[in-house]
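So the chains spell out like this:
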Amino acid sequence: MTASADLAMVNLDSSDPAGHAAFYHEALGWEVTHSQPEYAMISSGGVSIGFGLVEGYRPPSWPDQTGDKRYHLDLYVDDLAAAEEKFVAAGASKPAFQPGGERWVVLLDPIGQPFCICPRPQS
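Bear in mind the structure is a predicted one, so any value in this text is a computation, not a measurement.

### Quick notes on the overall build of the chain
- Check the secondary structure of the chain and you find two helices and seven strands.
- Moving toward the C terminus, one meets the helices and strands of the chain in the order β-α-β-β-β-β-α-β-β.
- Projected onto the principal axes, the alpha-carbon positions of the chain cover approximately 40 × 40 × 25 Å.
- Here the chain holds 123 residues, and the buried ones make up 25% of them.
- Intrachain contacts of the chain at a sequence separation of at least 6 include 49% that bridge at least 24 residues.
- Taking the average place of the 7 positive charges on the side chains of the chain and the average place of its 16 negative ones, the gap between the two points comes to 5 Å.

What follows is the structure in structure tokens.
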């Protein structure tokens, strides 16, 4: 399969998004581009890591092969409908719950991990 998407962002669940972003700001030197109690983000070179508040968040145990892993990827695409069709043909599925409206589409990869496809920003 030829590349049809670029990594735009990684979003991580968090019990303290602003603190989480501050830590990675220090660890990576990336700029804090958004910071609120419910969501924070760091960015560098056109790629971002977001931290979203999840009430009752429990981090995965380490090491624990049976523990839940929590992340999702946001991918920029040129055409949402075409990308959705291509990813579904490659083994993804589209869940019924779609919180993004026309702004993004949530898909599940072949193992059930969610990811989002988002329109590439216009220059």
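### Let's talk about the side chain of Asn11
- Here Asn11 lies in strand S1 (residues 6-14).
- Residue classification places Asn11 among the buried positions, given a relative accessible area of 8%.
- Only 3.0 Å separates the side chain of Asn11 from the side chain of Asp74, close enough to count as a polar contact.

What counts, and where the lines are drawn
- The residue count restarts for each chain, going from 1 along the sequence in the order it is written.
- It should be noted that, the model being predicted, local features are given only for residues of pLDDT at least 70 and side-chain atom pairs only at 80 or more, the latter also being counted only at that level, while totals for whole chains, interfaces and linings use all residues.
- Side-chain numbers come from the whole structure's heavy atoms, not from hydrogens or water.
- For helices the rule is a DSSP run of H or I covering at least 4 residues; for strands it is a run of E covering at least 2, with both sets numbered from the N terminus onward.
- Throughout, exposure labels follow a simple rule: accessible area from a 1.4 Å probe, protein chains only, divided by the maximum for the residue type, with under 20% read as buried, over 50% as exposed, and the rest as partly exposed.
- The contact criterion used throughout is that any non-hydrogen atoms of two residues lie within 4.5 Å.
- Residues scored as positive are Lys and Arg, those scored as negative are Asp and Glu, and His as well as the terminal groups of each chain are ignored.
- Where a charge lies is defined by one atom per residue type: Lys uses NZ, Arg uses CZ, Asp uses CG and Glu uses CD.
- The definition of a polar contact used here is a pair of N or O atoms within 3.5 Å, where within protein one atom must be able to donate a hydrogen and the other to accept one, and adjacent residues in sequence count solely through side-chain atom pairs.

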